[in-house]
Amino acid sequence: MNILNIDYEKGTVQSDYHEWQIISNNANKFMLLQREDKGRFHAAEADVKKMHLWEVKEINYRAPEGETFYFDEDSGIMKI
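Residues numbered from 1 in each chain as written. Predicted model: local features only at pLDDT ≥ 70, side-chain atom pairs only at ≥ 80, totals over all residues. Heavy atoms only, no water.

### Section: the side chain of His-42
Logical step 1: Topologically, His-42 is positioned in strand β5 (residues 40-47).
Logical step 2: Residue classification places His-42 among the buried residues on the basis of a relative accessible area of 18%.
Logical step 3: When neighbours within four sequence positions are excluded, His-42 is seen to be in contact with Trp-20, Leu-33, Gln-34, Arg-35, Asp-37, Glu-55 and Phe-71. (Helix = DSSP H or I, 4+ residues; strand = E, 2+ residues; numbered from the N terminus. Buried < 20%, exposed > 50% of the residue type's maximum accessible area, 1.4 Å probe, protein only. Contact = heavy atoms within 4.5 Å.)

As structure tokens, this is what we get:
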């Protein structure tokens, strides 16, 4: 999906079809995103330079401070 707009103040990303919440931002290069739809969570990883994001079922994301994250469709993204 294409990224149409990033609002750093609100912590949101607008894609072609959805608005996403920014969970982690790695120097405005890569982002970890989530959204909720009908009680289920969805996760995405974004490449800010390419202005593109990919919805994912599993997360392979390490934040700038070294945190790692995992994803569950029922509870969303959790930081380890």
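### Section: the sheet that holds strand β6 (residues 52-56)
Logical step 1: If you trace the six strands from one edge of the open sheet to the other, you get β1-β2-β3-β4-β5-β6, paired in antiparallel fashion. At either margin of the open sheet sits one strand with a lone partner, and together these are β1 (3-7) and β6. Adjacent strand axes in the sheet meet at a mean angle of 30° when their direction is disregarded.
Logical step 2: Of the strand pairs in this sheet, strand β2 (residues 12-15) and strand β3 (residues 19-26) are connected by three bridges, and their pairing is antiparallel. The residue of β3 that forms the bridge with Thr-12 is Gln-21. (Pairing = 2+ DSSP bridges. Axes fitted to C-alpha atoms, helices over the stretch in contact; angles between N-to-C directions.)

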